[in-house]
Amino acid sequence: MKAIIMAGGFGTRLRPLTNNLPKPMVPMANRPIMEHIITLLKNNSITDLTGLLYFQPEAIKEYFNDGSAFGVNLDYVSATVDLGTAGSVGAAMKKDPETTLVISGDVLTDIDLKEAINFHKTRKALATIVLTRVENPLPFGIVITDATGRITRFLEKPGWGEVFSDTINTGIYILEKKILPFIPEGREFDFSKDLYPLLLEKKKPIYGYVAEGYWKDVGSLEEYRQANMDILQGKVNVDIPGTEKAREGVWTTEGSRIDFSSNLEGKVVIGRNSRIEAGSRVVNSIVGDNTVIDEGAVVIDSVLWDGVTVGCGALLQENVVAGSTEISDGAHLGEGAIVSDHCHIGRNSSVRANVKVWPYKHVEDGATLASSLIWGQKWARSIFSTHYSTHGVTGLANVELTPEFAAKLGAAYGAFIGKGMSVSTSRDAHKTSRMINRAVMTGILSTGVNVHDYGVTPIPVVRCMARGGNELGGIHTRRSPFDPHLVDLKFFDKSGLDLHPGQEKTIEKLFFQEDFTRVKMEETGELVFPIHGFETYQTAFMSSIDSEIIKKAGFKMVLDYSYGSSTRILPSILGGLNCDVIALNANLDAARTTKTAEEFKKGLNQLSSIVRSLGADLGIMLDAGGEKIFLVDDTGETIDGETALNLMALLVMKTSGRKGTIAVPVTASRAVEQMAQTYGFDTMRTKMSTRGLMEAAASEDAVFVGEEWGGFIFPQFQPAFDGMYAIAKVLEMLANVDTRIHRLIREIPPSIVVKERIPCSWEDKGMVMRRLAEDSRGKETALIDGIRINFGGDWFVAYPSQSRSYFHVMAEASTEKRARELVEKYSEKIKKWQVRNTTIKLH
């Protein structure tokens, strides 16, 4: 049997360790990670190997040669263009036998490949993906199988609401030669994005084998260090070079010398010709070849590559130090610090926690090198929030989200956009937003990207401008509407939609790796202040509504502006619609744009009282960003979010000039479908995220998209939340039906929704989602955002919180008793699964 080792990766996630080294050559316990893969293949009787090379191929060829020294036959294919994972493998498979195993050259694993191959042959599969279970499946591709192991669905790097399983793709594949006709020649073609979805669509036999054993994608610097620690602790079955001659748990190789007065604790690996001098202390660490740990030095939980010198009295803890680097006497490396190759850390100097020192850098004696990533664990997993209401980047003003951080994030965003392109920036009126906005601009400009700054402008206006101009996206800075101590950065693309999660991950990668180039002085981006933004928006706004019918209706409306930037444009729009507007909080006051839940409720009650006392036709609260609205009917009753969504959908169905699709989140009431059936509209369930709703709005047939939290989209104007436009549409639709809100609400089909929160630890979320998916087999199930199970007209939904350790569970039925029964039934299941999982872990 043939095996292809994919060894062409750049290793960008492991920079600066991989600046001068391809990732497969990064050492794990003093051996290149690819050598552990070759040993695994050999131990599974696979010795005919091909290495797919791309980045720095000579380093791999020089080390492994023809493979004979490692007991295998190894040849190479060097790509001249990037054909993608499947394209490259397909080209290499043409001269291979019928069955080929594909494995990455930069993962650490001891999976039993023979068992996987037997599974593949027994199922007579065209392709088999080796799977494993992990506690946090978010960074990986999730694979869902049926009871026989046949794959039914793929999800690439999902959000928590899409984690329908904790079973992930390991990147180990077993392929038959009959797969080649599905792989086009000469162009980029990927396994996960292209080939496997195509095979699934054509109903070809593609299976998933859930493997036991250790598997780790060494995808970050901390994971790299931890993988080495796992080798020391025996969590993964790999060969450790050397013998345990000194004592149990200490591996030494030829030429190594350990002074009798040194102290070796835990598990330690010591490379060839290395010296551990008198009085030094080494704890749970890996020491490379030709490395010296001098007198009195302390090395704890660290990985030292070849040729490292650790001077007298130096202190290292949880560090990685690459080859040919000198840590001088008395130097101190903080926890998580990474020092690349050929560096010099001066005497009595200090490198702060989590600092990365790039190759050939020199730190002066006695100097303190401050962290370039100063956020510690705050930004350890991701920068972009996945919470539905705070999508974007959110942090404590001047603590987490500082000007330095904003400038660096702006540079990462600029590198993502590309030199010579243009983006927009805008903000609310708060002075901190102005400061952060300017810092973001400096970062963007430094990468050669032009900035169009719209200043204090409502978010819908800049989204609209993005769609009509030459900007490839934009960033809006605002004080959080939910917490006065937080600042939000809202990112959107050239269509005005929130960034796709894949784009966010690309920006995060650029940010964490500091992988962006500052341009030459003459190439710095241009800063422009457009002056016709409001006029352009207002023209487009007025051309897409029936202003005459609104004028004839002569509405009397109480409108709460929430002290937001909409006060700069909406009054002039409403003035042209002959509306009698009683304006509340219509002055621009940045200090009062944030509302607590109690303040929000108080504001709605005040609005309700004024509507009732003045006999107004309706009351509307517009959020400070101008994106969402909250309604009060003509009797002064506040309308809850679910009813407001049903009401808006009903108005659209009654007044829309064309039939089409009404899109609502997976958690919305079934009343929408019932009304759509009556009026001849189609319905679509979407994800709960802003991006998911906006993508639905961008579809050709969409006529309305809404959510239960005040966000409404009318795609004929723009596929994004726009509270100002929603106000005009409410007036237009009410004028068309010639009735008032309280009468319309009576037409909404009645139903009962019950909601609960079930505590669930982060590490159990993936397991619970998998168990829910397994438990729902044979039932009518929708895997859109969380898991929705339909029981005739009734339904149940469970989805994990994006930011807290609990599950949301909810059910809708004709009676409260039935809805509560569904919630209680599945809540008990979730609790039992967690108890059982904890018991298994303890044993």
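Nothing here was measured: the structure is a model prediction, and the numbers come from that model.

Colleague: An account of the overall build of the chain is requested, with residue identities and associated values reported.
Modeller: A tally of regular secondary structure across the chain gives 21 helices and 53 strands. Against the 2.2 N^0.38 benchmark of 28 Å for 843 residues, the chain shows a C-alpha radius of gyration of 30 Å, consistent with a compact globule. For the chain, the spread of C-alpha atoms along the three principal axes comes to 95 × 65 × 50 Å. Counting only residues that meet the buried cut, the chain has 58% of its 843 residues in that class. A total of about 33900 Å² of accessible surface is found on the chain, and carbon and sulfur atoms cover 48% of it. For the chain, the centre of its 95 positive side-chain charges and the centre of its 104 negative side-chain charges are spaced 4 Å apart.

Colleague: Outline the packing of aromatic side chains, supporting the account with residue identities and numerical values.
Modeller: Inspection of the entire model under this criterion finds 25 aromatic pairs. Ring geometry for Phe-119 versus Tyr-209: centroids 5.3 Å apart, planes at 45°, classification tilted. Taken as a pair, Phe-119 in helix α4 (residues 113–123) and Tyr-209 in strand β12 (residues 206–210) lie far apart in primary sequence, 90 residues in all. Taken individually, Phe-119 and Tyr-209 each receive the classification buried, so the pair is uniform in this respect. Considering the side-chain rings of Phe-191 and Tyr-196, the 5.5 Å spacing of their centres and the 25° angle between planes classify their relative orientation as stacked. For the pair shown, Phe-191 and Tyr-196 are each scored as buried. Among the aromatic residues, ring-to-ring pairing joins Tyr-537, Phe-541, Phe-704, Phe-712, Phe-714, Phe-717 and Tyr-725 into one connected group.

Colleague: How would you sum up the side chain of Thr-132? Please name residues and give values.
Modeller: As for its position among the elements, Thr-132 is in strand β8 (residues 127–133). Of the residues examined, Thr-132 reaches a relative accessible area of 6% and is grouped as buried. With near-sequence residues (within four places) excluded, Thr-132 lies in contact with Asp-166, Thr-167, Ile-168, Thr-170, Ala-211 and Trp-215.

Colleague: Explain the pairing of strand β53 (residues 806–813) to me, and be specific about the residues and the numbers.
Modeller: Burial runs high along β53: eight of the eight residues are buried. Of the two faces of β53, the one holding Tyr-806, His-808, Met-810 and Glu-812 and the one holding Phe-807, Val-809, Ala-811 and Ala-813 are both buried throughout. Where strand β49 (residues 752–759) lies against β53, eight bridges are found, and the strand directions are antiparallel. Looking at the pairing, Glu-756 lines up with Val-809 of β53. Across six bridges, strand β52 (residues 794–800) lies against β53 in antiparallel orientation. Bridging across to β53, Pro-800 finds its partner in Phe-807.

Colleague: I'd like to hear about the environment of Met-684, residue by residue, with values.
Modeller: Counting through the fold element by element, Met-684 comes out in strand β46 (residues 682–686). Sequence-wise, Met-684 and Met-653 are 31 residues apart; in three dimensions their C-alpha atoms are separated by 14 Å. Apart from residues no more than four positions distant in its own chain, Met-684 is found in contact with Thr-661, Ile-662, Ala-663, Val-664, Ala-696 and Ser-699.

Colleague: Describe in detail the sheet that holds strand β23 (residues 309–310), supporting the description with residues and values.
Modeller: An order of β16-β18-β20-β23-β26-β29-β32 is seen for the seven strands of this open sheet, with the pairing classed as parallel. Each of the sheet's edge strands pairs with one partner strand only, and the pair in question is β16 (257–258) and β32 (362–363).

Colleague: Describe in detail the sheet that holds strand β37 (residues 450–456), supporting the description with residues and values.
Modeller: As summarised here, the arrangement of the seven strands in space is β34-β35-β39-β38-β36-β37-β40, forming an open sheet in which the pairing is mixed. The sheet is open, and its two edges are formed by β34 (384–385) and β40 (527–528), each paired on a single side. Bridge count for strand β36 (residues 422–427) against β37 is five bridges, and the pairing is parallel. Bridge pairing links Arg-427 to Val-456 in β37.

Colleague: Got a sec to walk through the pattern of salt bridges? Specific residues and values, please.
Modeller: Enumeration according to the criterion identifies 38 salt bridges in this entry. We note a salt bridge from Glu-673 to Arg-685, for which the minimum N-O separation is 2.7 Å. Separated by 12 residues along the polypeptide, Glu-673 in helix α16 (residues 671–679) and Arg-685 in strand β46 bring together distant segments of the chain. Look at Glu-673 and you get partly exposed, because its relative accessible area is 25%. As a salt-bridge pair, Glu-732 and Lys-729 come within 2.6 Å of each other at their nearest N and O atoms. Highlighted residues: Glu-732 and Lys-729, both in helix α18 (residues 723–737), separated by three residues, approximately one helical turn. Across the pair, Lys-729 and Glu-732 agree in class, each one buried. Through salt bridges with shared partners, a single network forms among Arg-463, Arg-478, Asp-488, Asp-498 and Glu-627.

Colleague: Tell me about helix α20 (residues 762–775), residues and numbers included.
Modeller: Across its 14 residues, α20 extends 20 Å between first and last C-alpha, which sits within 8% of the 20 Å expected from 1.5 Å per residue. Among all positions in α20, only Asp-764, Lys-765, Gly-766, Met-767, Val-768, Met-769, Arg-770, Leu-772 and Ala-773 are buried.

Colleague: Just give me the short version of the packing of helix α15 (residues 641–655) against α16, but keep the residues and values in it.
Modeller: For any two helices packed against each other, one specifies the inter-axial angle together with the distance between the axes. Their axes nearest at 10 Å, the elements α15 and α16 cross at an angle of 10°. By the angle between their axes, α15 is roughly parallel relative to α16. Contacts from Asn-646, Leu-650, Met-653 and Lys-654 of α15 reach α16 at Ala-671, Val-672, Met-675, Ala-676 and Tyr-679. For the contact of α15 with α16, a count of residues per class yields seven nonpolar, one polar and one charged.

Each value, and the rule that gives it
Residues numbered from 1 in each chain as written. Predicted model: local features only at pLDDT ≥ 70, side-chain atom pairs only at ≥ 80, totals over all residues. Heavy atoms only, no water. Helix = DSSP H or I, 4+ residues; strand = E, 2+ residues; numbered from the N terminus. Rg over C-alpha atoms; globule rule 2.2 N^0.38 Å. Buried < 20%, exposed > 50% of the residue type's maximum accessible area, 1.4 Å probe, protein only. Areas by Shrake-Rupley, 256 points an atom, 1.4 Å probe, with all protein chains shown as cover. Lys, Arg positive; Asp, Glu negative; His and termini not counted. Charge placed at Lys NZ, Arg CZ, Asp CG, Glu CD. Phe/Tyr/Trp six-rings, centres within 6.5 Å; stacked < 30°, edge-to-face > 60°. Contact = heavy atoms within 4.5 Å. Pairing = 2+ DSSP bridges. Salt bridge = Lys/Arg side-chain N within 4 Å of Asp/Glu carboxyl O. Expected span 1.5 Å × (residues − 1). Axes fitted to C-alpha atoms, helices over the stretch in contact; angles between N-to-C directions. Parallel < 35°, antiparallel > 145°, perpendicular 65-115°, else oblique. Nonpolar A, V, L, I, M, F, W, Y, C, P; charged D, E, K, R; others polar.

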